[in-house]
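# Coordinate analysis (summary)
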Amino acid sequence: MTGTALTEAEEFFDIYKLNVVSIPTNEKMIRKDFNDQIFRTEKEKNYAILKKVQECHNKGQPVLVGTTSIEKSEKISNLLKKNKLDHNVLNAKHHEKEAKIIAEAGKISMITIATNMAGRGTDIQLGGNKNFIIANENKTSEQINKIKIDKEKVKSFGGLHIVGTERHESRRIDNQLRGRSGRQGDPGSSIFYISLEDDLMRIFGAKSIDGMLKKLGLKENESIDHPWINKAIERAQQKVEARNFEIRKTLLKFDDVMNDQRQVIFGQRLKILKANKISEMIYSFLTEINNNLERTHENYKNSNDLKIFSNEVKINFGNIFNESQIETFAKMEKKELIQKVNNFFDEKRQERIKLLGEKENNEVEKRIFLQILDFLWRSHLQYLEQLRQVIGLRSYGQKDPLAEFRREAFELFENLLFKVKTETIKFLMNLKVVIEKKEEQTKNIPIEKKKKISRNDPCTCGSGKKYKHCCGRAA
C-alpha cells in the first residue's frame, strides 16, 4: 500500500489480525498535492473547476477530473461542453472504451472525466501510453518518437493534473485518485474542490466550517485554502470510515453466529459421510425422542387429555399408529410404552435389512438422514436471514440487537437439531420398501415366409386381374 495514511490498517488488524505496511515508491515522489479549495456553494465550486480545467488545457497540461458518481461526471461533462472544451468521459456507460480513454489521458491538452471505479488495468503515461497505442493502432516509428517528444512537453507543463470535484467518504479512494498522477517519478499535481453543499460536508462538517467562513467574511466565488480546513475534512472522513467500519464489524458478528452453527452442521454431515454404519446414531435419536415421549405421557397422566398426547405421538412418529393404538399407548406404563415403540422400530428396520441387506439398508438410512438435514438447514438459514433483517427494531425497546439475535438464533438451532432427529425417525418408521422383480418374457413371434407370386396368378389385391397386369406391372 502506498501513501502516508494507512487508512484501513485498524480494520485489517481488528478483523483479519493482519498488519498493514506502507511500501515506498519505486522513484522519488515529486507530485505537488495542494490544499483543498473550500467554497460555500456547489455553483461556485463548479465555476472554479471550470476555470482550473481551462487554465490547464490552454497551456497544454493534461487534466483528470475525478467524480464520485456517474450522475456527477455527466454534470461536469455538460459544463465543459457549454464552454466548448473537448473531453472524454470515463464511467460505467463506456466500459468498452475504458482502456483507450485511459491510455490517451496523459496526452497534451487532454481532458478526462472519470468516476472512482473507472480506468483499471491501463496506466496513465505522459504523452500517451506507448505500449497500448503500438499494440492496438500499429503506429510507425515517427509517431512513436512523437509520443516521446510529447512526454517531455507534458513534463515541462507540470505533468498530469488531478482535479477532485469533492471528497469521497473514504480517504483511500481520494488517495487512489491522487495516485494517478506523479507515477514512476514523473511530475504531477492534485487539488480537491469542495463546497459546503457536498454530501460529506453537509452531513458531517458543514456547520462548523460554515461558521468559520462567515467569520472570515468570504465573498462570492472566493475560496479558503488552509491546512486547518484540510484537517477538519479529514476528521469528517474519519467519522464516516469509523461508522462504516462499525457497520461491517457488526455484520461480521452476526455472520459469526451463523458460521458457528454452520460448522456444527457441516461437522455432523462429514461424520455421517465418513461413517460405515450410522445405526448407533439413529438409535440415539430414537432414545432422545422416547425421552420426550415419556414427558408427554407423564403430562397426559396429570391432565388426562388424550388429544395432546395423540398430537405429540403423530409429530414424533407420523401416521404409522392409528387412534386406537395411540389410546392403548396412553393406558400403558412408561417403560412398556417405550419398549413397544422400540420393538416397532426394530421390526421395521429388520424388514428393510431382510429385503435390502445390511449394507444397502445402511446406505438408505444415510441418504435419508442427509436429505432431511440439508432441507431443514436451508430452511433454518432463511429463518435466520429474516430474523436478522428485523432484529434491529429491538433497539427501540432498549435491547441489544446482537444479543437478541444470538439468543433467538440459538433457540432456533436447538429446534433445528431436534427436528432433524424427529424427521429422520418419522421417515424411517413410515418407510415402505418395495422391490420390483423384472421378469423378462421372451415371446416367439412366428415369421411368415412370403410365397412368391407367379406373374399369371390372380393379383392379391382382389381386383380379379392377373398379377402381371395389376400390382405386378410396377415390379
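Here the structure is a predicted model, which is why all the values come from computation and not from measurement. (Residues numbered from 1 in each chain as written. Predicted model: local features only at pLDDT ≥ 70, side-chain atom pairs only at ≥ 80, totals over all residues. Heavy atoms only, no water.)

## Re the packing of helix 9 (residues 227–274) against helix 14 (residues 358–390)
- In the contact formed by helix 9 and helix 14, the axes pass within 11 Å of each other and the chain directions differ by 175°. Classified by the angle their axes make, helix 9 and helix 14 are roughly antiparallel. Residue-level inspection shows Leu251, Phe254, Asp255, Met258, Gln261, Arg262, Ile265, Phe266, Gln268, Arg269, Ile272 and Leu273 of helix 9 in contact with helix 14, the latter providing Lys366, Phe369, Leu370, Leu373, Asp374, Trp377, His380, Leu381, Leu384 and Arg388. (Axes fitted to C-alpha atoms, helices over the stretch in contact; angles between N-to-C directions. Helix = DSSP H or I, 4+ residues; strand = E, 2+ residues; numbered from the N terminus. Parallel < 35°, antiparallel > 145°, perpendicular 65-115°, else oblique. Contact = heavy atoms within 4.5 Å.)

## Focus: the pairing of strand 3 (residues 63–67)
- Within strand 3, five of the five residues are buried, which leaves the element mostly enclosed by the surrounding structure.
- Where burial is concerned, the two faces of strand 3 agree: the one with Val63, Val65 and Thr67 and the one with Leu64 and Gly66 are both buried.
- Here strand 3 pairs with strand 5 (residues 111–115) via five bridges, running parallel. Bridge pairing links Val65 to Ile113 in strand 5.
- Across four bridges, strand 3 lies against strand 6 (residues 160–164) in parallel orientation. Bridge assignment links Val63 to a residue of strand 6, and that residue is His161. (Buried < 20%, exposed > 50% of the residue type's maximum accessible area, 1.4 Å probe, protein only. Pairing = 2+ DSSP bridges.)

## A closer look at a nonpolar patch on the surface
- Together, Phe12, Tyr16 and Leu18 make up a nonpolar patch on the protein surface, roughly 320 Å² of accessible area in all.
- Within the fold, Tyr16 resides in helix 1 (residues 9–16).
- A relative accessible area of 53% places Tyr16 in the exposed class. (Patch = residues over 30% accessible without salt bridge, like charges linked within 9 Å, V, L, I, M, F, W, Y side chains within 5 Å. Areas by Shrake-Rupley, 256 points an atom, 1.4 Å probe, with all protein chains shown as cover. Salt bridge = Lys/Arg side-chain N within 4 Å of Asp/Glu carboxyl O.)

## Focus: the layout of surface pockets
- Taken as a whole, the second largest pocket encloses approximately 210 Å³ of empty space.
- If you trace the second largest pocket, you find 14 residues lining it, with Lys32, Gln61, Gly158, Gly188 and Ser189 closest to the centre.
- Contributing elements (two or more residues each) for the lining of the second largest pocket: helix 2 (42–59) and strand 7 (188–195).
- Top element by residues in the lining of the second largest pocket is helix 2. It accounts for four residues.
- Broken down by class, the residue content of the lining of the second largest pocket amounts to five nonpolar, five polar and four charged. (1 Å grid on protein atoms, 1.4 Å probe; cavity = no way out; pocket = protein on both sides within 12 Å on 5 of 7 lines; lining within 4 Å. Points joined across faces, edges and corners; volume = space filled by probe spheres on them. Nonpolar A, V, L, I, M, F, W, Y, C, P; charged D, E, K, R; others polar.)

## Some points on unusual backbone geometry
- In the Ramachandran plot, Gln184 falls in the positive-phi region, its phi being about 55° despite a non-glycine side chain.
- Along the chain, Gln184 falls in the loop between helix 7 (171–178) and strand 7.
- Even without a glycine there, the phi angle at Gln398 is positive, about 60°.
- In this structure, Gln398 sits in the loop between helix 14 and helix 15 (401–430).

## Section: the pattern of salt bridges
- All told, the structure shown has 29 salt bridges when counted by the stated rule.
- Between Glu42 and Lys75 there is a salt bridge, with its nearest N and O atoms 3.3 Å apart. Here the residue Glu42 occupies a position in helix 2, and Lys75 occupies one in helix 3 (residues 70–82), the gap between them amounting to 33 residues.
- A salt bridge links Arg407 to Glu411; its shortest N-O distance comes to 3.4 Å. Note that Arg407 and Glu411 are positioned in helix 15 at a spacing of four residues, about one turn of the helix.
- Residue class for Arg407 comes out partly exposed when judged on its relative accessible area of 40%.
- Its relative accessible area of 40% is what places Glu411 among the partly exposed residues.
- One continuous salt-bridge network, built from bridges that share partners, spans Arg394, Glu404, Arg407, Glu408 and Glu411.

## Points about the confidence of the model for the protein
- Across the protein, the average pLDDT comes to 81, with 85% of residues at 70 or higher.
- For the protein, per-element mean pLDDT is lowest for helix 5 (residues 130–137), which scores 60, and highest for strand 6, which scores 93. (pLDDT = per-residue confidence, 0-100.)

## Describing the packing of helix 10 (residues 279–303) against helix 12 (residues 323–331)
- Where helix 10 contacts helix 12, the axes come no closer than 10 Å and their chain directions differ by 80°. Comparing their axes, helix 12 and helix 10 come out roughly perpendicular. For the pair helix 10 and helix 12, the contacting residues are His297, Tyr300 and Lys301 in the first and Phe329, Ala330 and Lys331 in the second.
- Tallied by class, residues from the contact of helix 10 with helix 12 come to three nonpolar, one polar and two charged.

## Considering helix 13 (residues 334–356)
- Under the 1.5 Å per step criterion, the end-to-end length of helix 13 is 33 Å for 23 residues, consistent within 8% with the ideal 33 Å.
- Buried residues of helix 13: Leu337, Ile338, Val341, Phe345, Lys348, Arg349, Arg352 and Ile353, and no others.
- Those residues of helix 13 hidden inside the fold are in contact with helix 10, helix 11 (306–317), helix 12, helix 14 and helix 15.
- Gly357, located one to two residues past helix 13, shows a positive phi value of around 100°. (Expected span 1.5 Å × (residues − 1).)

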